[in-house]
Amino acid sequence: MSIDESTAARVAKLARIKVEPEALPALAGEFNTILGFIEQLNEVDIDGVEPMTSVTPQVLKKRADVVTDGDQQARVLSNAPDAREGFFAVPKVVE
Amino acid sequence: MLDLTYDTPKPKVIAGAREDWELVIGMEVHAQVSSNAKLFSAASTKFGAEPNSNVSFVDAAMPGMLPTINEYCVEQAVRTGLGLKADINLSSAFDRKNYFYPDLPQGYQISQLYHPIVGEGEVLVELGDGTARLVRVERIHLEQDAGKSIHDMDPNMSFVDLNRTGVALMEIVSRPDIRGPEEAAAYLGKLRQILRYLGTCNGDMQSGAMRADVNVSICRPGQYEKYQATQDFSHLGTRCEIKNMNSMRFIQAAIEVEARRQIAIVEGGGTVDQETRLYDPDKNETRSMRSKEEAHDYRYFPDPDLLPLQIEQAWVDDIAARLPELPDAKKARFISDFGLSDYDASVLTADLDSAGYFEAVAAGRDGKMAANWVINELFGRLKKDDKGITDSPVSPAQLGGVIDLIASDAISGKIAKELFEIVYTEGGDPAEIVEARGMKQVTDTGAIEAAVDEIIAANPDQVAKARENPKLAGWFVGQVMKATGGKANPKTVNQLVSRKLSE
């Protein structure tokens, strides 16, 4: 798999990261280096090997259906650049 | 249990300008899980709270916050799967679906793309005309709901409320087995009914607790059968997905108008683009959601914050053992135990409250009579007042009392309706009301005979006519009923009138 400049630009856009056009060739090159490194894993034969999801025998922790959180409108909004009447206020987004 | 059998309905056919077309529809229904807390946080799911008050730092996606799964939401998804006769996957996993939107603070939705918790199931969709469609369910997965954006509070800003962010949703994905707008609405209705029976979703479409994405394509007659035989989608047309529908009426209208749009394109020599569309009820048209297309690359990957979800078969069996009686079984039982018609049984099993009310009235009484009174008199009266069964001023015991008085011949059917109205508006014990207000039916033949004699004596002309034409005897019956204030036993009156007239 090889990443060209337009793919790099698309990935940057989907991730909402601003990349200047002149930086794209280098970025695509870095992507390719990373992917090339990971592709080495394809050489390993994993037939019949169960996927390992944890190095220790852990299981997913579960929680009871009890409300113990919330009621902190001011704290939730405290980092917002703009908040009005209890809402986050953002530039208009409408479909 | 009586097995209900139905014929398969005919698919809807729309005549284009040149040829006939059939519809193929699949639905993705998002049903909000009934739970106290959210899927991965301990904030409340309550609807209608102050904006951003039911928000934990997990929901707000503050750095370093980690999700912990709500076991009850998992149980609800399993219960739903069992209710749809579906396979339960003892091992499932969560993935991240990445996209940017102001009401999605994480920048991704936690969902289950690769390993959903529930596999294949089915829904029997009765269409009310003796036919029913068996719609296959492909899968159900658990995922997080997004927040809510409000666009009409300010001309330049959108306001975001994260109360709904992170509430558990079940996405119930059907196979493309639905063949018309009415079937689509009926499918959603049946799904809603089952979920409400199970208590896994309140089914409230207005508050958005249930909403559907509808995939619509068209095909020439015969093509669908080829798809069925091979499961090869190339026999079907290109589908468009109509997003976020939360009204049965709009779903039907949207499918119809979208199918006609596609027919016009294909008959005009064009091809349908696979895309996401939005239905505009004001203009009754669908339009492309271009922004959605651009973001369609969701770059799913397994969520590294969450280990796979493992559940035990014994736990699933325990949930299965505690499943309530479901609509199909209840309906079949009402038909076989109470001798009800398919229609009456459907009406009475539409929701648990109605079914419970009916069963309380019917216990130890004639089932058909109980059904008639509940459906025709009680439901009719409640509808007039815009009330639901849970607001009924008449209890099952009171309605049962009215029916008992008819069954024992204490009152006539006509008086029973008056009695019902009194009980409905004033309350009280039906038997006591009848006693206190002298509403008892006159079965004393002597008294009725006297009334008959009096009317015959007073109307010699009518008597002469009635002797020539026995059909006119009805007039005398009516007069006697009037003279006795409706309390005479109609059967006795009939007998006496015909005997006296032929004397």
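This one's a predicted model, so the numbers in the text were calculated from it and none came from an experiment. (Residues numbered from 1 in each chain as written. Chains lettered and ligands numbered in written order. Predicted model: local features only at pLDDT ≥ 70, side-chain atom pairs only at ≥ 80, totals over all residues. Heavy atoms only, no water.)

A. Examining the overall build of chain B more closely. Broken down by element type, chain B carries 17 helices and 17 strands. A globule of 503 residues ought to have a C-alpha radius of gyration of about 23 Å, yet chain B, at 30 Å, is considerably larger. Each of the 503 residues in chain B was classed as buried or not, and the buried ones make up 52%. Pairs at least 24 residues apart make up 71% of the contacts formed inside chain B by residues separated by at least 6 positions. (Helix = DSSP H or I, 4+ residues; strand = E, 2+ residues; numbered from the N terminus. Rg over C-alpha atoms; globule rule 2.2 N^0.38 Å. Buried < 20%, exposed > 50% of the residue type's maximum accessible area, 1.4 Å probe, protein only. Contact = heavy atoms within 4.5 Å.)

B. Inspection of the overall build of chain A at higher detail. Regarding its fold elements, chain A presents 3 helices and 3 strands. The C-alpha atoms of chain A give 22 Å as radius of gyration, which overshoots the globular expectation for 95 residues (12 Å, by more than 25%). Taking the contacts inside chain A whose residues are at least 6 apart along the sequence as the reference set, 30% of them involve residues at least 24 apart. Carbon and sulfur atoms make up 58% of the accessible area of chain A, which totals about 7,400 Å². (Areas by Shrake-Rupley, 256 points an atom, 1.4 Å probe, with all protein chains shown as cover.)

C. The arrangement of the packing of helix α2 (residues 181-198) of chain B against helix α7 (residues 327-338) of chain B in detail. Residue and element names in this part refer to chain B. Interhelical geometry of α2 versus α7 gives an angle of 90° and a closest axis separation of 10 Å. Looking at the two axes, α2 sits roughly perpendicular to α7. Taken together, the residues of α7 that come into contact with α2 (itself represented by K190, Q193, I194 and Y197) are P327, D328 and K330. When its residues are assigned to classes, the contact of α2 with α7 shows 3 nonpolar, 1 polar and 3 charged. (Axes fitted to C-alpha atoms, helices over the stretch in contact; angles between N-to-C directions. Parallel < 35°, antiparallel > 145°, perpendicular 65-115°, else oblique. Nonpolar A, V, L, I, M, F, W, Y, C, P; charged D, E, K, R; others polar.)

D. Seen up close, the interface of chain A and chain B. Across the contact, 40 residues belong to chain A and 53 residues belong to chain B. Overall, the association of chain A and chain B removes approximately 4,000 Å² of surface from exposure, summing both partners, and the carbon and sulfur fraction of that is 59%. Applying the counting rule to chain A against chain B returns 2 salt bridges. The partner of A:R84 in a salt bridge is B:D154, and the shortest N-O contact between them spans 3.3 Å. On the surface where chain A and chain B come into contact, there are 25 residue pairs in polar contact (both at pLDDT 80 or more). Broken down by secondary-structure element, the contributors of at least two residues to the side of chain A that touches chain B are α1 (5-14), β1 (62-63), α3 (73-77) and β3 (87-91) of chain A. Ranked by residue count, the leading element in the side of chain A that touches chain B is β3(A), at 5 residues. In terms of residue class, the side of chain A that touches chain B is made up of 16 nonpolar, 9 polar and 15 charged. (Buried area = accessible area lost by both parts, 1.4 Å probe. Salt bridge = Lys/Arg side-chain N within 4 Å of Asp/Glu carboxyl O. Polar contact = N/O pair within 3.5 Å; in protein donor to acceptor, adjacent residues only side chain to side chain.)

E. Inspection of the confidence of the model for chain A at higher detail. Mean pLDDT over chain A works out to 91, with 98% of the residues at or above the 70 mark. Within chain A, the lowest mean pLDDT, 90, falls on α1(A), and the highest, 97, falls on α3(A). (pLDDT = per-residue confidence, 0-100.)

F. Representation of a nonpolar patch on the surface. On the surface, A:I34, A:F37, A:I38 and A:L41 cluster together to form a nonpolar patch covering roughly 440 Å² of accessible area. For A:I34, a relative accessible area of 47% gives the class partly exposed. (Patch = residues over 30% accessible without salt bridge, like charges linked within 9 Å, V, L, I, M, F, W, Y side chains within 5 Å.)

G. Geometry of the layout of surface pockets. Here the second largest pocket is characterised by a volume of approximately 720 Å³. Here the residues of the lining of the second largest pocket are counted per class, giving 13 nonpolar, 7 polar and 5 charged. (1 Å grid on protein atoms, 1.4 Å probe; cavity = no way out; pocket = protein on both sides within 12 Å on 5 of 7 lines; lining within 4 Å. Points joined across faces, edges and corners; volume = space filled by probe spheres on them.)

H. Summary view of the sheet that holds strand β2 (residues 83-84) of chain A. Read from one edge of the open sheet, 4 strands run β2(A)-β3(A)-β10(B)-β9(B), paired in antiparallel fashion. Bordering the open sheet on either side are β2 of chain A together with β9 (148-150) of chain B, each of which pairs with just one other strand. Here β9(B) pairs with strand β10 (residues 157-161) of chain B via 3 bridges, running antiparallel. Looking at the pairing, B:S149 lines up with B:V160 of β10(B). (Pairing = 2+ DSSP bridges.)

I. Fine view of the side chain of B:K38. Residues and elements named next belong to chain B. Mapped onto the secondary structure, K38 falls in the loop between β2 (20-32) and β3 (69-70). On the accessibility criterion, K38 (0% relative accessible area) is buried. Engagement of the side chain of K38 in a polar contact is seen with the backbone oxygen of N54, the distance being 2.6 Å.

J. Examining α1(A) more closely. All names here are of chain A. Those residues of α1 that fall on the buried side of the exposure criterion are A8, A12 and L14. The buried residues of α1 occupy an angular sector of 165° when the element is viewed end-on, so they sit on one face. What points out from α1, more than 90 degrees from its buried face, is the exposed set S6 and K13. Immediately beyond the C-terminal end of α1, within one or two residues, lies R16, with a positive phi of roughly 55°. (Arc of directions from axis to C-beta.)

K. Layout of empty space enclosed by the protein. Residues and elements named next belong to chain B. One pass over the structure, following the stated rule, counts 2 cavities of 30 Å³ or more. The computed volume of the largest cavity comes to approximately 50 Å³. If you trace the largest cavity, you find it lined by V58, D59, L104, P105, Q106, Q144, D145, T165 and G166. A breakdown of the residues in the lining of the largest cavity according to their chemical character gives 3 nonpolar, 4 polar and 2 charged.

L. Seen up close, the pattern of salt bridges. Residues and elements named next belong to chain B. Under the criterion given, the structure shown has 44 salt bridges over all chains. Linking K38 and D59 is a salt bridge whose minimum nitrogen-to-oxygen distance equals 3.3 Å. Residue K38 is located in the loop between β2 and β3, and its partner D59 is located in the loop between β2 and β3; the two are separated by 21 residues in the primary sequence. Residues joined by salt bridges that share partners form a network here, namely E126, K190, D328, K331 and D342.

M. Broad picture of the packing of α2(B) against helix α4 (residues 248-267) of chain B. Residue and element names in this part refer to chain B. Taken N-terminus to C-terminus, the directions of α2 and α4 make an angle of 150°; their axes are 8 Å apart at the nearest point. When the interaxial angle is binned, α2 and α4 end up roughly antiparallel. Relative to α4, α2 is oriented so that their crossing is right-handed. Residues P181, E182, A184, A185, L188 and G189 of α2 pack against M248, I251, Q252, I255 and E256 of α4. For the contact of α2 with α4, the class distribution of residues is 7 nonpolar, 2 polar and 2 charged. (Left-handed = near helix turned anticlockwise from the far one by under 90°.)

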